[in-house]
Amino acid sequence: MGATSLRQVGVTNGADTGSYFDRAAETMPREALAALQFERLRKTLRNAYDHVALHRERLDAARIKPEDVRSLDDLRRIPFTFKSDLRDHYPFGLFARPVPSLARLHASSGTTGKATVVGYTKADIDNWADLMARSLQAAGARPGDMVHNAYGYGLFTGGLGAHYGAERLGATVIPVSGGGTERQIALIMDLKPRVLCATPSYTLALAEVAEKMGVDLRQSALQVGVFGAEPWSAAMRSEIEERLAIKALDIYGLSEIMGPGVACECTAQAGLHGWEDHFLFEVLDPETQAPVPEGEAGELVITTLTKEALPMLRYRTRDITRVTTEPCECGRTHLRILRITGRSDDMLIIRGVNVYPSQIEAVLVGRPMIAPHYQLVVERNGNLDQVTIEVETHIGIAADAFPTISRDVAHYIKSMVGITTRVVIKLPGEIPRSQGKAVRVRDLRPKE
Ligand code: DLL
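Residues numbered from 1 in each chain as written. Predicted model: local features only at pLDDT ≥ 70, side-chain atom pairs only at ≥ 80, totals over all residues. Heavy atoms only, no water.

## Quick look at the overall build of the chain
This is how it is decided: Secondary structure is summarised from DSSP: a helix means a run of H or I of at least four residues, a strand means a run of E of at least two, and numbering begins at the N terminus for each. Our radius of gyration is a C-alpha quantity, and the globule rule it is checked against amounts to 2.2 Å times the number of residues to the power 0.38. Note on exposure labels: buried denotes an accessible area under 20% of the residue type's maximum, exposed denotes more than 50%, and partly exposed covers the range between, all computed with a 1.4 Å probe on protein chains only. For this analysis, residues touch if any pair of their heavy atoms sits within 4.5 Å. Surface exposure here means Shrake-Rupley accessible area, sampled with a 1.4 Å probe, where a residue is shielded only by the protein chains that are shown. Charge assignment in this entry is limited to Lys and Arg as positive and Asp and Glu as negative, and neither His nor the chain termini are counted. To locate a charge, the coordinates of NZ of Lys, CZ of Arg, CG of Asp or CD of Glu are taken.
What the chain contains, in helices and strands, is 12 helices and 19 strands. By the compact-globule yardstick of 22 Å for 448 residues, the chain fits well, its C-alpha radius of gyration being 22 Å. The C-alpha extent of the chain, read off along each of the three principal axes, is 70 × 55 × 40 Å. For the chain, buried positions account for 53% of its 448 residues. A fraction of 65% describes how many contacts in the chain between residues 6 or more apart in sequence connect residues 24 or more apart. Surface accessibility of the chain: about 18800 Å² in total, with carbon and sulfur atoms responsible for 52%. Averaging the positions of the 53 positive and the 55 negative side-chain charges in the chain gives two centres separated by 2 Å.

## Focus: the pairing of strand β10 (residues 279-284)
Note the threshold: In this description, strands pair whenever DSSP reports at least two bridges between them.
Across the six residues that make up β10, a large majority, six, are buried. Residue alternation in β10 divides its side chains into two sets, F279, F281 and V283 and L280, E282 and L284, and both sets are buried. In terms of strand pairing, β10 meets strand β11 (residues 298-304) through six bridges, oriented antiparallel. In the strand pairing of β11, V283 is matched with L300.

## Points about the site of the ligand
Short version of the rule: If a single non-hydrogen atom of a residue is within 4 Å of a molecule or strand, that residue counts as near it. Any pair of N or O atoms that falls within 3.5 Å is considered a polar contact. Within protein, one atom must be able to donate a hydrogen and the other to accept it, and sequence-neighbouring residues count only if both atoms are side-chain atoms.
For the ligand, the set of nearby residues contains 21 residues, the closest of which are D250, I251, S255, D319 and K437. One of the backbone nitrogen or oxygen atoms of A229 is found 3.0 Å away from a nitrogen atom of the ligand. In the model, an oxygen atom of the ligand is placed 2.4 Å from a nitrogen or oxygen of the S255 side chain. Bound to the protein, the ligand loses 93% of the 610 Å² it would expose on its own. Among the elements of the structure, α7 (157-169), β7 (247-254) and β13 (336-343) are those that each provide at least two residues to the shell around the ligand.

## Some words on the sheet that holds strand β6 (residues 224-228)
What counts here: Here an axis means a line fitted to C-alpha atoms, over the contact stretch when the element is a helix, while the angle between two N-to-C directions is reported on a 0 to 180 degree scale.
Taken together, the 11 strands give an open sheet; going across it, the order is β4-β3-β5-β6-β7-β8-β9-β13-β12-β11-β10, and neighbouring strands pair in mixed fashion. Both edges of this open sheet fall to β4 (172-174) and β10, since each of them pairs with a single strand only. Across this sheet, the average inter-strand angle for adjacent strands is 40 degrees, counted without regard to direction. Summarising the sheet, strand β12 (residues 315-324) and β13 pair through five bridges and their orientation is antiparallel. Looking across to β13, one finds that T324 is bridged to R336. Here helix α6 (residues 122-139) sits on the sheet and contacts β5 (195-198), β6, β7, β8 (259-265) and β10; the angle it forms with β8, its principal contact strand, is near 30 degrees. Across the face of the sheet, helix α9 (residues 200-213) comes into contact with β5 and β6 while running at roughly 120 degrees to β5.

## Focus on the environment of R380
Tracing the chain through its elements places R380 in strand β16 (residues 370-381). By relative accessible area, R380 is classed as partly exposed at 34%. For R380, the side chain forms a polar contact with the side chain of D385, separated by 2.9 Å.

## Quick notes on unusual backbone geometry
Trans peptide bonds make up most of the peptide bonds, and negative phi angles are found at most residues other than glycine. Looking along the chain, the bond that leaves Y90 and enters P91 is cis, with omega of -5 degrees. We note that R314 has phi near 45 degrees; this positive angle belongs to a residue other than glycine. Mapped onto the fold, R314 is located in the loop between β11 and β12.

## Things to note about the packing of helix α11 (residues 357-364) against helix α12 (residues 402-417)
The cut-off we apply is this: Each angle gets one of four labels, with under 35 degrees taken as roughly parallel, over 145 as roughly antiparallel, 65 to 115 as roughly perpendicular, and the rest as oblique. When the near helix sits turned anticlockwise from the far one by under a right angle, the crossing is termed left-handed; a clockwise turn instead gives a right-handed crossing. Residue polarity is assigned by list, with Asp, Glu, Lys and Arg as charged and Ala, Val, Leu, Ile, Met, Phe, Trp, Tyr, Cys and Pro as nonpolar; anything else, Gly included, falls into the polar class.
Closest axis-to-axis distance for the α11/α12 pair is 10 Å, and the angle between their directions is 125 degrees. By the angle class used here, α11 and α12 are oblique. α12 is crossed by α11, and the crossing has right-handed handedness. Contact with α11, carried on its side by Q359, I360, V363 and L364, involves V409, Y412, I413, M416 and V417 of α12 and no other residues of that element. Counted by class, the contact of α11 with α12 contains eight nonpolar, one polar and no charged residues.

## Quick look at the nonpolar core
Convention followed: Nine residue types can take part in a nonpolar core, namely buried Ala, Val, Leu, Ile, Met, Phe, Trp, Tyr and Cys, and a core is a set of them joined through side-chain atoms within 4.5 Å.
Y252, I302 and I337 are the most contacted members of the largest nonpolar core, which has 39 residues in total. Considering every element that reaches this core, the biggest residue donor is α6, with four residues. Those residues in contact with I337, other than ones at most four positions away along the chain, are A263, G271, L272, F281, L300, T321, R322 and V323. Core analysis: the next-biggest nonpolar cluster, separate from the first, contains 23 residues, V176, I185, L204 and M236 among them.

## Description of the domain arrangement of the chain
Selection rule: Source of the domain bounds: an automatic or database domain assignment. Salt bridge, as used here, is a side-chain nitrogen of Lys or Arg placed within 4 Å of a carboxyl oxygen of Asp or Glu.
Each assigned domain of the chain is listed here: domain 1 (9-29 + 121-345) and domain 2 (347-443). Each of domain 1 and domain 2 has a C-alpha centre, and these two points are 27 Å apart. Between domain 1 and domain 2, the residue contacts involve 24 residues of the former and 17 residues of the latter. Joining domain 1 to domain 2, the criterion identifies one salt bridge.

## Examining the packing of α9 against helix α10 (residues 234-244)
Taken N-terminus to C-terminus, the directions of α9 and α10 make an angle of 35 degrees; their axes are 10 Å apart at the nearest point. Considering the relative orientation of α9 and α10, their crossing is left-handed. Together, P200, T203, L204, A207, E208 and E211 of α9 and M236, E239, I240, R243 and L244 of α10 make up the contact between the two elements.

## Brief notes about the pairing of β5
As a reminder, the rule being used: The crossover handedness rule: strands pointing away from the viewer, path from first strand over the helix to second strand clockwise, crossover right-handed.
Side chains V195 and C197 project from β5 onto one buried face, and the interleaved L196 and A198 project onto a second face that is buried too. As defined by bridge partners, strand β3 (residues 146-149) adjoins β5 across three bridges and the pair is classed as parallel. Paired with N149 across the strands is C197, a residue of β5. Direction of pairing for β5 relative to β6: parallel, over a ladder of four bridges. The residue of β6 that forms the bridge with L196 is G225. Read from β5 through α9 to β6, the crossover connection turns out right-handed.

Printed below as a string of structure tokens:
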């Protein structure tokens, strides 16, 4: 759907006047949404089958032709796509359009091997801007707002994704990108943006540097923060809301599917609406690949419904979450992703207990005397993973209190998460600060 059509249907009630709320699409009854998804799934399959050798081979091997898909239930018969497929067909092997016809490329760097390259036609970029504008609107941004965009510009999809969306919304963008934290604080105080886009960890770094500069970010004009690109806990949300005096909303996305704006929270803060007119979401048991019952945790698997250049069939995101299709108080009918709790490939098995770094964060953030800056160091001891938590104290805490703090943190981790950890207390500033995605885990286990 193009920008013009969205703008034409956008404004239908007083509360949303001058807004980018697409009432027809966002509050569509779920049966109509399913019908639209089916129609778009057929087109996506056709596009993938006709133009991408890998998808054609996999569909042929599964003995399924695009026209054999007769309902959304047939989705289960379609083979998965994995990140390794993008790597194996680096750089352009999964593109369904010739490279010279594309408007843009982005790339995301994995922890292993080559970057993953993704491509967009003009129509893909246009849809992305629409969905990002829709996301910002849902989060509480409005046309005429000034948006301070601290997501990194460049190959990372965060910067340009949020930029185009904010422009599409009719906001004024400050394209500051990551880094230069002191200058960012000066810009926030002088230009008076109402909306901040950044990773949650960089936002905390901003708050910390502001304090050192004697600047009270609570007094800034910021009211809304749209934070994502990494897992963050409810405790981290409260910490950010308190320190900046803003409402903090969660936004999700991934390069392979589009970039930021695949899903975003509305101001009810009750889960991220996954934009189902453009994506099909499944939650599967990562081991058995069977769908989990609604509300239970599993791996998010996404099929694109409108992408031209890079159609994705049942992409295994590795992100662990739960979803609900219960109606939301905002009136939007699109399902809600109840926060991404971690990645299946980040999962640690500590003496038989499955643990995600975000669970540990939820216990650390907000405990007395420690600051929300931490890293987990994972080592292999025999067959077992062993975790050391390095966490900073607040400024002014005497070193002789460290052993008590350490015992207190270890005790709470044990009782809340169920694992035994070693806790090392660090001085303020000792844990490296991120300018984008935070590095939460230092994995020292031998590589297999
Ligand atoms: O991080 C896109 C993005 C930019 C999203 C800005 C939101 C804001 P990638 O670099 O490809 O794309 O990384 C995607 O980041 O599979 C998740 O594991 C993680 N991630 C993204 N958003 C969230 C979130 C961008 N809100 C990977 N909560 C995804 C938890 C997130 N994890």
